Protein chains: 2
Amino acid sequence: MIYVVGIGPGGVDTMTPQAVEAIKSCEAVAGYTKYLELVGKFLEGKTIISSGMTHELERCQSALNAAKLGMNVALISSGDSGVYGMAGLMLEVAQGSGVDVKIIPGITAANSCAAILGAPLMNDYVTVSLSDLLTDWRVIAKRLTAACLGDFVICIYNPASHHRPNHLKNACDILLTLKDPETPSGYVRNAGRNDESYEVMTLRELRECQKIDMLCTVIVGNSQTLILDGKLITPRGYKLE
Amino acid sequence: MIYVVGIGPGGVDTMTPQAVEAIKSCEAVAGYTKYLELVGKFLEGKTIISSGMTHELERCQSALNAAKLGMNVALISSGDSGVYGMAGLMLEVAQGSGVDVKIIPGITAANSCAAILGAPLMNDYVTVSLSDLLTDWRVIAKRLTAACLGDFVICIYNPASHHRPNHLKNACDILLTLKDPETPSGYVRNAGRNDESYEVMTLRELRECQKIDMLCTVIVGNSQTLILDGKLITPRGYKLE
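If you're wondering where the values come from, they're calculated on a predicted model, not measured in any experiment. (Residues numbered from 1 in each chain as written. Chains lettered and ligands numbered in written order. Predicted model: local features only at pLDDT ≥ 70, side-chain atom pairs only at ≥ 80, totals over all residues. Heavy atoms only, no water.)

Asks: Would you explain the pattern of salt bridges in this entry?
Replies: Charged atoms that come close allow side chains of opposite charge to pair. What the rule picks out here adds up to 16 salt bridges over all chains. Between aspartate 124 of chain B and arginine 143 of chain A there is a salt bridge, with its nearest N and O atoms 2.9 Å apart. Taken together, the residues aspartate 124 of chain B in the loop between strand S6 (118-119) and strand S7 (125-129) and arginine 143 of chain A in helix H6 (residues 137-149) connect one chain to another. In terms of burial, aspartate 124 of chain B and arginine 143 of chain A fall into one category: buried. With a closest N to O distance of 2.8 Å, glutamate 208 of chain B and arginine 207 of chain B form a salt bridge. Several salt bridges share partner residues, and in doing so they unite Asp124 and Asp151 of chain A together with Arg143 of chain B into one network. (Salt bridge = Lys/Arg side-chain N within 4 Å of Asp/Glu carboxyl O. Helix = DSSP H or I, 4+ residues; strand = E, 2+ residues; numbered from the N terminus. Buried < 20%, exposed > 50% of the residue type's maximum accessible area, 1.4 Å probe, protein only.)

Here it is as structure tokens:
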């Protein structure tokens, strides 16, 4: 059996008991080294299958090999393993092997970051990753445009990295062709971890923001989103009086 | 202090320790009666502020009144309180009152249902609610169209109710103008609860499905989504060999 476990944004207090139990029940735990550290207290005595980033296929194959030897294996992702995580690849790799794969969801960055920024996701939203390692930039650009046309709140994963320092600026340029530059926006860095930080700003300011890196998630409001007491809120439409 | 707490999809095993601690720390707990039952084991000795559905504003005002009397109050939502939940309204109602409001995220239906169906949310997705109580149907229709134009995976909340039995069929008709009728799709009913059930099917079959009610969440794939071993998978684009 392989459990693909989403451990949530950071510490143990945002992991579900279901996720903890899945890890505890396994003889082997696989994951990117940094995520294994977050669940270190559950790893004593277990076989560790660790690997660096971008070795996702190798990690899934190692997990499958361990499962074929009769071990129960937990393959962990931060956030939700089913959102830009390992769940899909693990299901693909295990296909036809006879090994069961069960997905254990976690709180994904859209939700953990929204809670820190206020309540920006109270109405329809999209998630878009700006990583073009696996998705052509033209597809990303098309999705950003469609998100504006639908007046969705937009949650941006992987807004920047060393290899693509200008992706967020380029994305903002697309959004600014269709959205008000004063649209309330914000980012969270290291959600749920000790050095968590966040900032609320306008879309115009977001385009110029130099502090956003690969540890950040960005949220851009829809036409209804407000800033109230420093928090982002997208009202659902309740009448207050 | 008011905590707006997302309790996740169902049982205690999908609530985070952070959510449990927030409820335990409060003297009063407010929520829709059915959600209070899900966290019954934490409610002993607490003041209960319960109310039926569609009394959301009243519930927030009651929570604020209790907080003004000096109580710590937990206002609970199923799933994530920040996604079609109570977080935004509570922040609006509390504005200017001097009462602090903290949002505790939970696992929302998009994620809990995706895990049951496989891994459909491995790439960019939207959530759209078909409830037109607070959102005009023309806005919903526009968003469904935009979601197709962006080739997003589409997660549908509130697909039906007694008052709007044809909403899902109408939504599917919009999707079918732009998407392949064979698009892999599925629904989950009562995710995370004892009587959980799910089904994987095509978009064409989804339009005709009579089993989908207000306790269901629906996922419609993008152009890449596959059905593998009975599970929905949207590949991220890793090359398998």
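After presenting the structure, the write-up continues.
Asks: Explanation requested: helix H6 (residues 137-149) of chain B in the structure shown.
Replies: An α-helix turns once every 3.6 residues. As a result, residues three or four positions apart point the same way. In this model H6 of chain B runs 18 Å from its N-terminal to its C-terminal C-alpha over 13 residues, within 8% of the 18 Å that 1.5 Å per residue would give. Lining the buried residues of H6 of chain B we find H6 of chain A together with S7, strand S8 (153-157) and helix H7 (167-176) of chain B. Of the residues trailing H6 of chain B, aspartate 151 of chain B is marked for its positive phi of about 50°. (Expected span 1.5 Å × (residues − 1). Contact = heavy atoms within 4.5 Å.)

Asks: Help me out: how do you make sense of the relation of the copies chain B and chain A in this one?
Replies: Each copy of the chain is related to the other by a rotation around an axis and a translation along that axis. Its rotation angle being 180°, the transformation that places chain B on chain A also includes 0.0 Å of axial translation and leaves an RMSD of 0.0 Å. Interpreted geometrically, this transformation is the action of a two-fold axis. The residues that chain B uses at the interface reappear at the interface of chain A in 98% of cases, marking a shared surface. (Least-squares fit on C-alpha atoms with pLDDT ≥ 70 in both.)

Asks: Sorry if this is basic, but what is going on with unusual backbone geometry here?
Replies: Residue and element names in this part refer to chain B. Non-glycine residue asparagine 158 carries a positive phi angle of around 50°. The phi torsion at aspartate 229 lies on the positive side, around 50°, for a residue other than glycine. Structurally, aspartate 229 can be placed in the loop between strand S12 (226-228) and strand S13 (231-233). On the basis of relative accessible area, aspartate 229 is assigned to the exposed category, the value being 60%.

Asks: What's the story with the interface of chain B and chain A in this structure? I'm lost.
Replies: With 66 residues of chain B at the contact, the number on the chain A side is 65 residues. Where chain B abuts chain A, roughly 5,900 Å² becomes buried across the two surfaces, and 60% of that area is made up of carbon and sulfur atoms. The interface formed by chain B and chain A contains 4 salt bridges. Every element with two or more residues in the side of chain B that touches chain A is listed here: helix H1 (17-24), helix H3 (56-68), helix H4 (87-94), helix H5 (109-117), S6, S7 and H6 of chain B. With 6 residues, the single largest contributor to the side of chain B that touches chain A is H4 of chain B. A class-by-class count of the residues in the side of chain B that touches chain A yields 31 nonpolar, 23 polar and 12 charged. When strand S7 (residues 125-129) of chain A meets S7 of chain B, the two strands line up antiparallel, connected through 3 bridges. In the sheet register, threonine 127 of chain A faces S7 of chain B, and the bridge partner there is tyrosine 125 of chain B. (Buried area = accessible area lost by both parts, 1.4 Å probe. Nonpolar A, V, L, I, M, F, W, Y, C, P; charged D, E, K, R; others polar. Pairing = 2+ DSSP bridges.)

Asks: Would you take a moment to explain the packing of helix H3 (residues 56-68) of chain A against helix H4 (residues 87-94) of chain A for this structure?
Replies: How two helices sit against one another is set out by the angle between their axes and by the gap between those axes. Residue and element names in this part refer to chain A. With their axes 9 Å apart at the nearest point, H3 and H4 run at an angle of 55° to one another. On the basis of the axis angle, H3 is oblique to H4. In this structure, H3 meets H4 at a crossing whose hand is right-handed. Contacts from Glu56, Leu57, Cys60, Gln61, Ala63 and Leu64 of H3 reach H4 at Leu89, Met90, Val93 and Ala94. The class makeup of the residues in the contact of H3 with H4 is 8 nonpolar, 1 polar and 1 charged. (Axes fitted to C-alpha atoms, helices over the stretch in contact; angles between N-to-C directions. Parallel < 35°, antiparallel > 145°, perpendicular 65-115°, else oblique. Left-handed = near helix turned anticlockwise from the far one by under 90°.)

Asks: What is the right way to look at the sheet that holds strand S5 (residues 101-104) of chain A in this model?
Replies: Sheet strands pair via backbone hydrogen bonds, and the direction of the pair is either parallel or antiparallel. Residues and elements named next belong to chain A. An order of S3-S2-S4-S1-S5 is seen for the 5 strands of this open sheet, with the pairing classed as parallel. The open sheet terminates on both sides in strands that have one partner only, identified here as strand S3 (47-51) and S5. Strand-to-strand twist across the sheet, computed as the mean angle between neighbouring axes with direction ignored, equals 20°. Pairing analysis gives 5 bridges linking strand S1 (residues 2-6) to strand S4 (residues 73-77), with the strands arranged parallel. Each bridged residue has a counterpart across the sheet, and for isoleucine 2 the counterpart in S4 is valine 73.

Asks: Would you mind going over empty space enclosed by the protein with me for this structure?
Replies: Empty space among the atoms becomes visible once a probe the size of a water molecule is rolled across them. Taken as a whole, this structure holds 2 cavities of 30 Å³ or more when the rule is applied. When its volume is computed, the largest cavity comes out at roughly 50 Å³. Lining the largest cavity are Tyr84, Ser129, Ser131, Leu134 and Thr135 of chain A together with Asn123, Asp124 and Arg236 of chain B. Residue composition of the lining of the largest cavity, grouped by class: 2 nonpolar, 4 polar and 2 charged. For the second largest cavity, the calculated volume is near 40 Å³. Surrounding the second largest cavity, Asn123, Asp124 and Arg236 of chain A together with Tyr84, Ser129, Ser131 and Thr135 of chain B form its lining. (1 Å grid on protein atoms, 1.4 Å probe; cavity = no way out; pocket = protein on both sides within 12 Å on 5 of 7 lines; lining within 4 Å. Points joined across faces, edges and corners; volume = space filled by probe spheres on them.)

Asks: What am I meant to see in the nonpolar core here?
Replies: Soluble globular proteins tend to bury their nonpolar side chains together. Residues Leu144, Ile154 and Leu206 of chain A together with Leu144, Ile154 and Leu206 of chain B are the most contacted members of the largest nonpolar core, which totals 52 residues. Beyond its immediate chain neighbours, meaning those up to four positions away, isoleucine 154 of chain A contacts Val126, Leu144, Ala147, Cys148, Leu175, Val218, Ile219 and Val220 of chain A. (Core = buried A, V, L, I, M, F, W, Y, C linked by side-chain atoms within 4.5 Å.)

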